[in-house]
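Read off the chains here:
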Amino acid sequence: MTSPAEDSREVVTAPPRPRRGVSLREAGPPVALIAIFTVFAALSSQFRTVGNIQNILDAAAVLAVVACGITFVLMMGSIDLSAAGVMATSALAVALLVENNRNDNDLGLIGIVLAVLLAASLGALSGVLLVLLKVPSFMTTLGVSAIGLGLATLMFAGVQPNISDAGLESWAVERLLGFTYLTWIAAGCVLVGWLIQRYTRLGRYAYAIGGAEEVLALSGVKVAPYKVAVFTLAGAFYGLGGVMVTSQLGAGLVQAGKGYDFLAITAAVVGGTLLTGGRGGVLHTTVGVLLIVVLTNGLVQVGVSPYWQGGVQGLIVVAAVAAAVVPLRHRNQVVK
Amino acid sequence: MTLKSRPAIALLSLSLAAIALTGCSEEAAGGSDAAGDSGSCAPEDVQLVGQVRNESNPYEASWLDGGDAFAASVGLEQNRLTYDGDSTKQQEQVRQLLAGDTSCLVMNVLPNGDSDTTPIVKGADQAGAYLVTQWNKPADLDPTDYERWISHITYNGVESGQQIGDALVEAIGGSGGIIALQGVLDTAAAKDRFAGLEATLAENPDVTLLDQQAANFSRAEALEVTKTLLTKHGDDVLGIWAANDDMALGALEALQQAGRAGEVAVVGIDAVPDALTAIEGGEMTATVSSDGPWQGGIGLAIGYCVATGDLAVDDVSDEDRAFFAEQFLITDDNVGEYLTPETDAADFECDNVFNRVAGPLS
């Protein structure tokens, strides 16, 4: 009788210690971000101008939204490679639904919502395939990406749809308090993502699934619907990302999401979200996004030759991740 | 017992199926050898195949449309193939084609990269299919060493890079700063086109290259890079040289977002429809056209002429078997002629198929 009580007392007294550890552990990426920012600011007078900082945040907008979506999947311990295909589908769909040069549609905001819903349904498809057929997420999402690219190619049909919808075009051009609407949308997404992660059952279960899925399942939680929901949510974020790219480029491109899948995963990992799941979060990922965008921008601003940039960027990312995980390292740690 | 024997039965039936298949394909291969004499195909027996990376970019889509136009003009249909820029997938498609009846097969192929050309050429030559390749081939691989690889067509990137470079210099009035957006740095197209720009710069010492960045032929990357460079160099940027139109269009978006649309001259290469519209609207200065529909038609036309015996491979001069084709500088003076890309049936008549040879490969 006494031993359970002792146990529970231990559990109760335990939290303070990890919490202090967590704050120390998670300081790595923000510190790396500040360090890199400071170095570039010292090296280049152009880098530290207000114009360039606006530029960096504008450039980070799409990646931040996509990475927000992927974070939930990574927290769950799954992986999602469908971003490129889902973004392509939503980019083409939105370009064909708002005012454009291909057809007479002029749905405006409804078109945007429809495109995001279409993307969300592709995300749901990934989740359903994962849950029902027990195919690993790596493969299902790769397949869904191909489906998305296929759908987009069908909609493309040889002629690029250019948008003329004033509302959607203004996203990339009009500014509010110095930042484009895209940047505000991205900030909104990060906020929504953080609220979902922090305050909803979906967000908390995503963590729990990544941490110990079996335990969760054994304690009577039906895990499958939450998995599908997380992939659907991620799909919606990618869809919005695709819409944002369309707004930036003024046209619906099949290549709209090219490279965003791995860039978003990189951003999440650099920010401290682990590929094994159960750790990290939307805010971590946002720091990772900023780190990568600052790096890309800074290397151009200080004038590193384009022939060197790819390699230098890779090196700094690896160094940043290594520095960030130093506090996380412990004896007997297994890294795969 | 039954459980154990099941895999064995499966294995047995699989190997039987394999044997049957081998027998079939051997027969087919034998058939093609018999009818493999050069140039004896009846026009209606010719099979036309056009293969490009994907139909999701306007240039390659227009290429296949040009192939369709030629096929229709001789009463045939083109088999449109795309391989999503995946070398393995391309080789697989070619193998499947060559495993069928190849005696009157004409292929107009865009190899994914230089190294992909070699197996395609060897396979086609062995199977006796007529082949024309475009854009990519290793320098030491020469069509004159092969019976059925009739021609390789490509474009002089140094020339096009210089053509748009000169147009850009003229547009900014002969002096000032420009920036360059390069393609994928390890491709011949990117290297040659940039060499063309360097030739322009050598002739115009008053023009300075403020910065050059790789945007990997991508509209989205060009948008970001241009925005960054515009904040870096500000009003010093008078012109933007882009190694293709997609990047030029990305640069135009960046200028618009920076509120500098119309103040900076932009040039590109490829003549994609949006670029032509931009030139017509005065937002863009120049582009260069390789004439995609012509490329799609000409490869099939050359193969068709040889397959039907109207043209003998031996009569084709060595210079025509690997050549730079003519390309066209498009500015607001002549953009009207290019807005609706069309093929001219006269270009595809057997006497005219080598009319656009601009020079041998160097």
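Residues numbered from 1 in each chain as written. Chains lettered and ligands numbered in written order. Predicted model: local features only at pLDDT ≥ 70, side-chain atom pairs only at ≥ 80, totals over all residues.

Trainee: Which parts of the structure should I look at to understand the overall build of chain B?
Mentor: For chain B, the count of helices and strands is eleven helices and 13 strands. Along the first, second and third principal axes, the C-alpha set of chain B runs to 80 × 60 × 35 Å. Burial status across chain B gives 51% buried among its 362 residues. Intrachain contacts of chain B at a sequence separation of at least 6 include 77% that bridge at least 24 residues. (Helix = DSSP H or I, 4+ residues; strand = E, 2+ residues; numbered from the N terminus. Buried ≥ 20, exposed ≤ 12 C-beta atoms within 10 Å, placed from the backbone. Contact = placed C-beta atoms within 7 Å.)

Trainee: Can you walk me through the overall build of chain A in this structure?
Mentor: Secondary structure summary: chain A contains 14 helices and two strands in total. Within chain A, the fraction of its 336 residues that count as buried is 50%.

Trainee: Before we go on, may I ask you to explain the interface of chain A and chain B in this structure?
Mentor: It is common to report an interface's size as the accessible area lost on association of the parts. Each partner contributes to the interface: chain A provides 28 residues, whereas chain B provides 27 residues. The set of elements that each furnish at least two residues to the side of chain A that touches chain B consists of α4 (50-75), α7 (137-156), α8 (166-173), α11 (223-249), α13 (282-301) and α14 (306-325) of chain A. No other element matches the four residues that α4 of chain A contributes to the side of chain A that touches chain B. Of the residues that constitute the side of chain A that touches chain B, the class distribution is 13 nonpolar, 14 polar and one charged. (Nonpolar A, V, L, I, M, F, W, Y, C, P; charged D, E, K, R; others polar.)

Trainee: Teacher, can you tell me more about the environment of Q295 of chain B here?
Mentor: Residue and element names in this part refer to chain B. As for its placement among the helices and strands, Q295 is situated in helix α10 (residues 292-307). C-beta crowding within 10 Å serves as the criterion here: with 27 such atoms nearby, Q295 is assigned to the buried category. Ignoring anything within four residues of it in the chain, the contact list for Q295 reads W63, G66, Q134, I153 and S290.

Trainee: Would you explain the sheet that holds strand β9 (residues 265-267) of chain B in this entry?
Mentor: Backbone hydrogen bonds are what pair the strands of a sheet, in a parallel or an antiparallel way. All names here are of chain B. Within the open sheet, the four strands sit side by side as β7-β6-β8-β9. Their pairing is parallel. Both edges of this open sheet fall to β7 (207-214) and β9, since each of them pairs with a single strand only. Taking each pair of neighbouring strands and ignoring which way they run, the sheet shows an average axis angle of 20 degrees. Bridging between strand β8 (residues 237-242) and β9 involves three bridges; their strand directions are parallel. Counterpart to I240 in the pairing with β9 is V266. (Pairing = 2+ DSSP bridges. Axes fitted to C-alpha atoms, helices over the stretch in contact; angles between N-to-C directions.)

Trainee: I keep staring at the environment of Q213 of chain B and nothing clicks. Help me out?
Mentor: Here Q213 of chain B shows up in strand β7. With 23 C-beta atoms packed within 10 Å, Q213 of chain B lands in the buried category. Along the primary structure Q213 of chain B and D142 of chain B are separated by 71 residues, whereas in three dimensions their C-alpha atoms are 34 Å apart. Those residues in contact with Q213 of chain B that lie beyond four places of it in its chain are V300 and P306 of chain A together with L181, Q182, V225 and L229 of chain B.

Trainee: What am I meant to see in the domain arrangement of chain B here?
Mentor: Residue and element names in this part refer to chain B. Examined at the domain level, chain B breaks down into domain 1 (43-155 + 291-328 + 343-360) and domain 2 (158-289). A C-alpha centroid distance of 31 Å is found between domain 1 and domain 2. At the interface, six residues of domain 1 touch six residues of domain 2. Partitioning the side of domain 1 that touches domain 2 into residue classes produces four nonpolar, one polar and one charged. (Domains from an automatic or database assignment.)

Trainee: Sorry if this is basic, but what is going on with α8 of chain A here?
Mentor: An α-helical turn contains 3.6 residues, so any two residues separated by three or four positions project in the same direction. Within α8 of chain A the residues assigned to the buried category are L168, W171 and A172 of chain A. All buried residues of α8 of chain A lie within an arc of 85 degrees about the axis, which places them on one face of the element. Packing partners of the buried residues in α8 of chain A comprise α6 (109-133), β2 (179-180), α9 (181-199) and α11 of chain A together with α8 (245-257) of chain B. (Arc of directions from axis to C-beta.)

Trainee: Before we go on, may I ask you to explain the sheet that holds strand β11 (residues 322-325) of chain B in this structure?
Mentor: Residues and elements named next belong to chain B. Judged by pairing direction, the sheet is mixed, and its seven strands sit side by side in the order β2-β1-β3-β4-β5-β11-β13 without closing on themselves. Each having just a single partner strand, β2 (78-82) and β13 (357-360) make up the two edges of the open sheet. Geometrically, the sheet is characterised by an average inter-axis angle of 25 degrees between neighbouring strands, direction not taken into account. Relative to β2, strand β1 (residues 47-52) runs parallel, the two sharing five bridges.

Trainee: Got a minute to help me understand the packing of helix α7 (residues 219-233) of chain B against α8 of chain B in this structure?
Mentor: Two quantities define a packed helix pair, namely the angle between the helix axes and the distance between the axes. All names here are of chain B. Put simply, α7 and α8 touch, their axes get as near as 7 Å, and they point 45 degrees apart. Compared by their axis directions, α7 and α8 come out oblique. As α7 packs across α8, the resulting crossing turns out to be right-handed. When α7 is examined against α8, the residues R219, A220, A222, L223, T226, K227 and L230 are found in contact with a partner set consisting of D246, M247, L249, G250, A251, E253, A254 and Q257. Its residues assigned to classes, the contact of α7 with α8 shows eight nonpolar, three polar and four charged. (Parallel < 35°, antiparallel > 145°, perpendicular 65-115°, else oblique. Left-handed = near helix turned anticlockwise from the far one by under 90°.)

Trainee: Is there a simple way to think about the pairing of β7 of chain B in this case?
Mentor: Every regular strand shows the same layout, with side chains that alternate between the two sheet faces. Residue and element names in this part refer to chain B. The pairing of strand β6 (residues 176-182) with β7 spans seven bridges and is classified as parallel. Bridge pairing links A180 to Q212 in β7. For the segment spanning β6, helix α6 (residues 188-203) and β7, crossover handedness is right-handed. (Right-handed = clockwise from strand over helix to strand, strands pointing away.)

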